[in-house]
Every structure is written in C-alpha cells, then in structure tokens.
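# Understanding the architecture of this molecule
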Amino acid sequence: MNHLPLIIKREYLTKVKNKSFIIMTFLSPLIMIALIAVVAYLSQLNNDKQRTISVLDETGYLKDVFQNTDNTTYSSLNGLDLETAIALVKEKEDYGLLHIAKVDSLDDISDNIKFYSEESPSLTVISGLERRIEKRLREMKLQKDGVTLEQIEASKTSIDIAQESFEGEKSSKIDNVVKLAFGGIAGYLLFMFIIIYGNMIMRSVIEEKTSRIIEVIISSVKPIQLMMGKIIGTSLAGVTQFVIWVILGGVLMVVVSAIFGIDMMQMQTPQQEMVNQAMQADGAQAMAENMITAISNLPIANLIVAFMFFFIGGYLLYSSLYAAIGAAVDNETDTQQFMLPILMPLILAVYVGVFTVIEDPHGTVSTVFSFIPFTSPVVMLMRIPFGVPLWQQGLSLLLLIGTFIFAVWFAAKIYRVGILMYGKKPTYKELFKWLKY
C-alpha cells in the first residue's frame, strides 16, 4: 500500500503546527524589518548630519571650487596662518580644515593638500573633495596651455559600443549586469533553501531515530516512502514559510515606512551616494532606458520554467543526501564529518557562477559545470539569462533527474539500515557496507 501521501501530510502538519516553526515564521520578518528600519533610521541620521569644513587656500586657485550643499557648509579662511586656522577650527568645533599650501606651480598643488580633523573623516567627504579639486586643477592646466573651457567640454566624448549578435539581436553592457543579477538571485535562493530546509530534514530524521518512533513506523512503511515523505512534506512546509515571510515582510515594510516616515528603499550610504552621483551624470537617462530594455529582453518564460525545474531537482537531490546523513548518525554533532562533501559542490557552484559565468557564460568551465548535477542547479540558472540552447538545458535537467534517482536509491540504502542503528558512530567504510545489505 502506498503510504506516501499520508507521510507527506503528517510531515507537513507536524512542521507547520510546531510552536517553534510558528514563532519563527512570524518573528523572523519582524526581526528582519526591525533591523532594516534601524539601519535606515541610523543612515538617515548620518545623512542629515550637518558639517562645516573650513578651507585655507593659500594659492587662491581653488576658492570657487567648494559650493555649499544641504549638509555641508564651506567656510573660507583668508589671511591666516596654518596654526591660527587650526586653533580657530578646533574652537568652533568644525568638522575639519582643508589646507592648500602656497606653491610655485600648479603641478605642486596635489602634493601640498592636507585635511586636518579631530577624528577620522568620512571616506565619502574626502572623495568628494578630491573630485572637486582634481576637476578644477585639470581645467586650470588646460587653460594654461591655451585651451578654453568651451573646448574642454567640446572635447569630451562618451563611447558606448553597440552590441549585436549575428542574428541581429541587440544588447549592451547593462544587459550583462541585469542577466547576472537575475541568475545570481536564482542561484542564491536555491543555495539558501537547500541549507535551511535540508538541515531541517536531517534534524527531523535524527529526532525520530533517537526517540525510537521510527521502529514503529518502519514496520508498516517502506524506508524509501518514509524518506520521500519527509523530503516532500518538509519542502512544502518550507515553501509555506517562505511565502508567509514574503507577504508579511512586504506588509511590515509598508507599515513601518508609513508610521515612522523612514524610506527604507532610499537608505543613504556611501555606496548609494556614489550611485546617485553617477545617475546624475550625463547619459543617466539613457542608462535607465537601457536597463528597462535589458529586463524586457530577458527570456522570462524560459527563466521561470527552468527555475522551477532546476530548483526542485537540485533541492530534492541534496535533501535526499541530508536525509541519509540524518539516518546514519545519532546526533547533530556527528553530522559534521559528512556535511563537507555535500556543501563543497554547492560552494563551488556559487564561486564558478560568480567568477566564471560573468566573464564567459558560454566558456568551457561554465558549460561543464552546468552539466554536472551537483553544480548544475546553480550554474545553469546563472547561464540561462545569457541564452543557453534548449537542448543543453534539457540534457542538464535529465542528468540532474538521473542523479536524483540514483541519490534516492543510495540514500534509501543508508536510510534503511541507519535508522535502526544506535550507539555507534558510522564511518565512510561502514556506510559502504550498508549499501550491500
């Protein structure tokens, strides 16, 4: 008799009715949103901090460079020596003093600029000062050589090499960034899902084994059915938890933003400030249009279908191995010696995807690892946005399914013997013997 549906139902209901599962399902989004809100609030406070920077320009060349902003005020100190200026800035408790020493030529200015402050200055502030000074000095040197500002502006040329396949399909650098982002997110989700819920399956098997409940269950259920029931039931519980996290997290983010007035989507950090400055530059509108075009050019249907199959296949493959480990040991401490062979292919897949697919998605390394079943769920998902022939996707999926079937058989052999073994730490040699039973 097929007891698989009953086992799936039992595992699912056991997980979702567990108090710790319920608490973490609703508490995790609260903790995450609270952390994001705190970071957003602190970032907003830091962004609203008012700074006064005194400038002692003994050359007189850079007096018009520093313009006040919403959060930074520049105070010019003229006719003072350095010691007096430092004492004055310390007395006023200004953010710092930018000193430009008197030099004989423009070429010497860059080596005679210092910033004095009580504490270490912000990297963003220093970078902003450097950009302003560099731009002004560059213009002054060109003007010294007889080049006008109009000629400087006219000489600026922006190059954006158009990309087009032999079949006439157009693309750009932004396309590669968008494709890598989609592939990276898909691979990362699979990686985290396997780690979180694979461990949950393993702990469930260990718990039943140590409580001796398994001796009663195994008398009427085949080991392979029990193992598959645990895998599928726990997976459904995981999907349920994930959906609740997404919905509850979205609602909480809107509520927190409305109540506290914190725009968590626009947290100001040094990195984001650099991005904002880049977006304000010439060509930002064209870049945004290219990004929208890149997203619309993605093979959305192919991505969705492939994500579902490779996600399910990869998760089931690794879950069967987690279940086998849980059956082979008596406690979680003993699992460490068996976890490394499982985690290594996953870690390798992530590294190959990040460092190889971005550079050459159709190269030998990327292609080979997208066919190896233990790495293909991650690497192939990262390759597909760049355009992978359907026959390669199909072959990779068939290899993944075939390996899953073999892994289930392999895990069931260990599961059948391991769930009834107590008080003995298994070795790889012992596991090999169990396969012959």
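Residues numbered from 1 in each chain as written. Predicted model: local features only at pLDDT ≥ 70, side-chain atom pairs only at ≥ 80, totals over all residues. Heavy atoms only, no water.

### Some words on the nonpolar core
Note the threshold: The term nonpolar core refers to a set of buried residues drawn from Ala, Val, Leu, Ile, Met, Phe, Trp, Tyr and Cys, joined through side-chain atoms within 4.5 Å. Using a 1.4 Å probe on the protein chains alone, a residue whose accessible area is under 20% of its type maximum counts as buried, one over 50% counts as exposed, and one in between counts as partly exposed. Helix and strand definitions follow DSSP, with helices as H or I runs of at least four residues and strands as E runs of at least two, each counted in order from the N terminus. Residue contacts follow a heavy-atom distance rule, with two residues in contact if any of their heavy atoms lie within 4.5 Å.
Membership of the largest hydrophobic core comes to 59 residues, with the highest contact counts inside it found for Ile194, Met227, Phe310, Tyr315 and Ile384. Within the residue set of this core, elements represented by two or more residues are helix 6 (173-210), helix 8 (223-260), helix 11 (300-328), helix 12 (336-357), helix 14 (376-383) and helix 15 (390-418). The greatest single-element share of this core, amounting to 15 residues, is contributed by helix 11. Here tyrosine 315 is in contact with Leu190, Phe193, Ile194, Tyr197, Gly198, Ile201, Ile231, Thr234 and Ser235, once residues within four sequence places are set aside.

### A few points about helix 4 (residues 123-144)
Heads up, the condition is: What a helix is expected to span follows from its residue count: subtract one and scale by 1.5 Å.
For helix 4, built from 22 residues, the straight-helix expectation of 32 Å at 1.5 Å per residue is met to within 8% by its first-to-last C-alpha distance of 31 Å. Of all the residues in helix 4, the buried ones are Thr124, Val125, Ser127, Gly128, Leu129, Ile133, Leu137, Glu139 and Met140. At the C-terminal side of helix 4, glycine 146 shows a positive phi close to 95°.

### Brief notes about the pattern of salt bridges
We apply this condition: Just to be clear on terms, a salt bridge is a Lys or Arg side-chain nitrogen sitting within 4 Å of an Asp or Glu carboxyl oxygen.
For the coordinates displayed, the defined rule picks out 4 salt bridges. For the salt bridge of lysine 230 with glutamate 11, the shortest nitrogen-to-oxygen distance reads 2.9 Å. Linking lysine 230 in helix 8 with glutamate 11 in helix 1 (residues 4-16), this pair joins segments that are 219 residues apart in sequence. We note that lysine 230, like glutamate 11, is buried. Here the salt bridges do not stand alone but share partners, grouping Arg10, Glu11, Lys15 and Lys230 into one network.

### Quick look at the packing of aromatic side chains
Working definition: an aromatic ring pair is given by the centre-to-centre distance plus the angle between the planes. Counted only if it meets this: Centres within 6.5 Å make a pair out of two Phe, Tyr or Trp rings, where for Trp the six-membered ring is used; the pair is then stacked when the planes are under 30 degrees apart, edge-to-face when over 60, and tilted otherwise. Whether a charge lies above a ring is judged from NZ of Lys or CZ of Arg, which has to be within 6 Å of the ring centre and within 35 degrees of the ring normal.
Per the counting criterion, the structure on display carries 8 aromatic pairs. Look at tyrosine 95 and phenylalanine 115: their rings are 6.4 Å apart centre to centre, the planes differ by 55°, and that puts the pair in the tilted class. Of this pair, tyrosine 95 sits in the loop between helix 3 (82-92) and strand 3 (96-100) while phenylalanine 115 sits in strand 4 (residues 113-116), placing them 20 residues apart in sequence. Through successive ring pairs, a cluster of aromatic residues spans Phe193, Tyr197, Phe307, Phe311 and Tyr315. One Lys or Arg, arginine 51, reaches over the ring of tyrosine 95 and ends 5.3 Å from the middle of that ring.

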